[in-house]
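# Summary of the model geometry
So the chains spell out like this:
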Amino acid sequence: MQVAAIPAFNDNYIWAIHDNHHLIVVDPGDAAPVIAFIEQHQLQLTTILVTHHHHDHTGGIQTLCDNYSGITVYGPAEENIPNRHVALTDNAQVKIIAPACEFNVMHIPGHTLGHIAYYGASGLFCGDTLFHAGCGRLFEGSPTQMKASLERLGALPAETLVFCTHEYTLANLTFALAVEPDNADINRTLARCQQLRTEGTPTLPTTIAEQRQINPFLRSAEPTLQHQAEQWAQQPCKTPVEVFTQLRAWKDQF
């Protein structure tokens, strides 16, 4: 099984999971680059996996379904997903015949209320919830929901590969370094990712282990981050949720 990034728009990645014959795509916001990928590699598109309803993750579904027959579209039950055939809830199992793989579904509200992730087939496909060194904006959910969702993802095995859907890494690492200027892991990761982007290479996937070391939104229980959040907010942050809330507000204005 192979996983490849199909760039879309300015900074999206549509993830292509394939066995050199059959193809799954995750969050196809634009059909054109997917069609080009299919033609280049001579693949049969069988499955579309959707994490949430935002147009840059769903905008290509209709065209793909019009162009290719026999596609099954999976998406969150709590959101309006175009052409969805199978509505998924927390802990559902997705079993795909071609390419042969299975996913566990995780309901991870925060960015949107119905947002889900797919865990399996070499990694975690988590949409706009967990980013490399960051997390999604809270368009619908609460800080408490997002923090709980991130903790659930952060509890996955350390070696889990993380395939999120935006190339926000350098901006996220710049913020992470502002929050934890003495974190050597962040400095090392930033230098490596800057080189990758210079070469035109995606900074993804990352791993859960790396995110535990560098991602401020997975580290809100750390005393250093509590102090930094209080300094920025100019008010006490007595709980990890309060720390997380202020870190997210800080990032929104960064």
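Note that the structure is predicted; figures quoted are calculated from it, not measured.

### Some thoughts on the overall build of the protein
Counting secondary structure elements, the protein contains 9 helices and 14 strands. Computed over the C-alpha atoms, the radius of gyration of the protein is 18 Å, within 12% of the 18 Å expected from 2.2 N^0.38 for a compact globule of 254 residues. Residue burial in the protein is summarised as follows: out of 254 residues, 52% are buried. Once local pairs closer than 6 in sequence are excluded, the contacts in the protein between residues at least 24 apart make up 58%.

### Structural notes on the sheet that holds strand S6 (residues 86-88)
As summarised here, the arrangement of the 6 strands in space is S1-S2-S3-S4-S5-S6, forming an open sheet in which the pairing is mixed. Only two strands of the sheet have a single neighbouring strand rather than two, namely strand S1 (2-8) and S6. Sheet twist, expressed as the mean angle between neighbouring strand axes with direction ignored, is 25°. One ladder, built from 4 bridges, connects strand S2 (residues 12-18) with strand S3 (residues 22-26); its direction is antiparallel. Within the sheet, the bridge partner assigned to tryptophan 15 lies in S3 and is valine 26. Against the sheet, helix H1 (residues 31-41) engages S1, S2, S3 and strand S4 (44-49), with an angle of about 140° to S1.

### A look at the sheet that holds strand S9 (residues 116-120)
Taking strand neighbours across the sheet as the criterion, the 6 strands line up as S7-S8-S9-S10-S13-S14 in an open arrangement whose pairing is mixed. The sheet terminates laterally at strand S7 (93-96) and strand S14 (206-207), the two strands that pair on one side only.

### Let's talk about the UniProt feature "binding site: Zn(2+) 2" (unreviewed entry) in the protein
Annotation from UniProt places "binding site: Zn(2+) 2" (unreviewed entry) at Asp56, His57, Asp128 and His166. Of the residues just listed, which span 111 residues, no C-alpha pair is farther apart than 10.8 Å, and they cluster in one region. In the annotated set above, the residues contributing to the lining of the largest pocket are Asp56, Asp128 and His166. If you trace the backbone, aspartate 56 turns up in helix H2 (residues 55-58). A relative accessible area of 23% means that aspartate 56 is categorised as partly exposed.

### Some thoughts on the packing of aromatic side chains
Considering all chains together, one arrives at 11 aromatic pairs under this definition. When the centroid spacing of 4.8 Å and the interplanar angle of 10° are considered together, the rings of phenylalanine 125 and phenylalanine 163 count as stacked. Of this pair, phenylalanine 125 sits in strand S10 (residues 123-125) while phenylalanine 163 sits in strand S13 (residues 161-163), and the two are 38 residues apart along the sequence. According to the relative accessible area criterion, phenylalanine 125 is buried, its value standing at 1%. In this structure phenylalanine 163 comes out as buried when scored by relative accessible area, which is 4%.

### Quick look at the pairing of S1
Sheet topology places S1 next to S2; 7 bridges connect them, and they run antiparallel. Paired with alanine 4 across the bridge in S2 is alanine 16. Here S1 folds back onto S2, and the loop between the two strands holds 3 residues, one of which, phenylalanine 9, carries a positive phi near 55°.

### Things to note about unusual backbone geometry
Cis peptide bonds are those with omega within 30 degrees of zero, and the linkage from alanine 98 to proline 99 qualifies with -5°. Turning to its location among the elements, proline 99 is positioned in the loop between S7 and strand S8 (101-107). The phi dihedral of asparagine 20 is positive, around 75°, even though this residue is not glycine. Here asparagine 20 is to be found in the loop between S2 and S3. One non-glycine residue with positive phi stands out, namely alanine 133, at about 70°. Position of alanine 133 relative to the elements: it lies in the loop between strand S11 (130-131) and strand S12 (134-135).

Each value, and the rule that gives it
- Residues numbered from 1 in each chain as written.
- Predicted model: local features only at pLDDT ≥ 70, side-chain atom pairs only at ≥ 80, totals over all residues.
- Heavy atoms only, no water.
- Helix = DSSP H or I, 4+ residues; strand = E, 2+ residues; numbered from the N terminus.
- Rg over C-alpha atoms; globule rule 2.2 N^0.38 Å.
- Buried < 20%, exposed > 50% of the residue type's maximum accessible area, 1.4 Å probe, protein only.
- Contact = heavy atoms within 4.5 Å.
- Pairing = 2+ DSSP bridges.
- Axes fitted to C-alpha atoms, helices over the stretch in contact; angles between N-to-C directions.
- UniProt positions renumbered as here; feature names shortened; annotations may be inferred.
- 1 Å grid on protein atoms, 1.4 Å probe; cavity = no way out; pocket = protein on both sides within 12 Å on 5 of 7 lines; lining within 4 Å.
- Phe/Tyr/Trp six-rings, centres within 6.5 Å; stacked < 30°, edge-to-face > 60°.

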